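Residue-level structural notes
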Amino acid sequence: MTISRTLFALVVFLVGLTVFIGPTGPPAAQASDVHLPIVGRQFIVVGAEVRTGSVVDWSGDSLDYSPTIGPRARLGLHHILSERFSMNGEIALGASYLTAHPMAPGGNGDSRLALDWGLAVIGRYFPVATLRGLTVAGGLQYRRTSLSEGALLQLGADTRLGYRLWTSDERFMIVELGLYVPFIEGVSLPSEFIVDEDGPEPIPDQWMYPAATLGIQWAF
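In what follows, the accompanying structure is described.

Basis of the calculations
- Throughout, a residue's number is its position along its own chain's written sequence, starting from 1.
- pLDDT decides what is reported in this predicted model: residues at 70 or higher carry local features, side-chain atom pairs at 80 or more are listed and counted, and totals for whole chains, interfaces and linings draw on all residues regardless.
- Derived side-chain values reflect all non-hydrogen atoms in the structure, with water molecules and hydrogen atoms excluded from consideration.
- Only when DSSP finds a minimum of two bridges between them are two strands counted as paired.
- Helix numbers and strand numbers start at the N terminus; a helix is a DSSP run of H or I with at least 4 residues, a strand a run of E with at least 2.
- Stacked, edge-to-face and tilted are the three classes for Phe, Tyr and Trp ring pairs, Trp counted by its six-membered ring, which pair at centre distances within 6.5 Å; planes under 30 degrees apart are stacked, over 60 edge-to-face, the rest tilted.
- Exposure is judged per residue with a 1.4 Å probe applied to protein chains only, and the accessible area is read against the type maximum: over 50% gives exposed, under 20% gives buried, and values in between give partly exposed.
- Definition used: whenever NZ (Lys) or CZ (Arg) falls within 6 Å of the ring centre and also within 35 degrees of the ring normal, the charge is taken to sit over that ring.
- Polar contact is the term for a pair of N or O atoms within 3.5 Å; when the atoms are in protein, one must be able to donate a hydrogen and the other to accept it, and sequence-neighboring residues count only if both atoms are side-chain atoms.
- Residue contacts follow a heavy-atom distance rule, with two residues in contact if any of their heavy atoms lie within 4.5 Å.
- Each patch is built from salt-bridge-free residues with over 30% relative accessible area, joining like charges within 9 Å and nonpolar side chains (Val, Leu, Ile, Met, Phe, Trp, Tyr) within 5 Å.
- Methods summary: accessible areas were calculated by the Shrake-Rupley approach with a probe of 1.4 Å, and residue burial reflects only the protein chains presented.
- Salt bridge, as applied in this entry: a Lys or Arg side-chain nitrogen positioned within 4 Å of an Asp or Glu carboxyl oxygen.

As paired strands, strand S3 (residues 85-98) and strand S4 (residues 112-125) are joined by 14 bridges and run antiparallel to one another. When the bridges of S4 are listed, glycine 89 appears paired with valine 121. As paired strands, S4 and strand S5 (residues 132-146) are joined by 10 bridges and run antiparallel to one another. Residue pairing for S5: tyrosine 125 is matched across the bridge by valine 136. Hairpin connection between S4 and S5: a loop of 6 residues separates the two successive antiparallel strands.

The next subject is the packing of aromatic side chains. For the structure shown, the criterion picks out 6 aromatic pairs. Taken together, a centroid distance of 5.4 Å and an interplanar angle of 75 degrees make the contact between phenylalanine 43 and phenylalanine 172 edge-to-face. Of this pair, phenylalanine 43 sits in strand S1 (residues 42-57) while phenylalanine 172 sits in strand S7 (residues 171-188); the two residues are 129 residues apart in sequence, bridging distant segments of the chain. The exposure classification of phenylalanine 43 matches that of phenylalanine 172, with both residues buried. An aromatic cluster is defined as three or more aromatic residues linked by ring pairs; in this entry it consists of Phe43, Phe126, Trp166 and Phe172. Stacked on the ring of phenylalanine 126, the Lys or Arg arginine 164 has its end atom at 6.0 Å from the ring centre.

Its place among the elements puts asparagine 88 in strand S3. Note on asparagine 88: relative accessible area 5%, which makes it buried. Here histidine 78 takes part through its side chain, which lies 2.9 Å from a polar atom of the side chain of asparagine 88. Excluding its chain neighbours within four sequence positions, the residues that come into contact with asparagine 88 are Leu77, His78, His79, Ala120, Val121, Ile122 and Arg124.

Looking now at a nonpolar patch on the surface. There is a patch of nonpolar side chains on the surface, built from Ile44, Val46, Leu75, Leu77, Ile91, Leu119, Trp218 and Phe220 and spanning about 690 Å² of accessible area. Among the secondary structure elements, those contributing two or more residues to the nonpolar patch are S1 and strand S2 (64-80). By secondary structure assignment, the location of isoleucine 44 is in strand S1.

This structure, assessed with the given rule, holds 12 salt bridges. Across the pair glutamate 170 and arginine 41 runs a salt bridge, and its minimum N-O distance is 2.7 Å. Pair noted here: glutamate 170 is in the loop between strand S6 (151-168) and S7 and arginine 41 is in the loop between helix H1 (2-21) and S1, with a separation of 129 residues, a long-range link. Across the pair glutamate 49 and arginine 74 runs a salt bridge, and its minimum N-O distance is 2.7 Å. Of this pair, glutamate 49 sits in strand S1 while arginine 74 sits in strand S2, placing them 25 residues apart in sequence. A residue is classified by how much of its surface remains accessible, and arginine 74, at 5% relative accessible area, is buried.

Encoded structure:
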């Protein structure tokens, strides 16, 4: 009797399991939540960003801050190398408004709207099998900003945290926050400053100019 009941229970369990699993296997994610991997593809990416930051000057008795802000347009190439990793090459072009700052001979830079552009190479955690989710990126960026007396040149770390969304099998968008921290920076002066017989006034070297960005980009 016990064996019969056990056998009956086993049969009921197997029938129920068959009904639950169905002929196509266990329940899968909805089609709307899955994106077919496109490994090896390259996408042209366009977008825009708002860049803000502050020149931090510690040459005096206390820290001084010179805020900056401005928009830039982005154009790049997104290359999907694997199901979870991609590389980005990117150029950004725009302008930044700088308040009075120390990045000038004598430490007296004027407020102005300055041409601002940069080149970046970035590696990105970018799973392509799912429709949406977080993306993390990091790499190097070269940046050049036109100042009143010369040009600010920077090379630094570019890190980003964003949200990705595939809008179709051939299109996606990314919204991301970025942080740019230079580890090499300086001001390049034009030749007239260098050949002056008295020489140019020294440029202070106790300052740093990091920046943060809020950007959005679309792939085509």
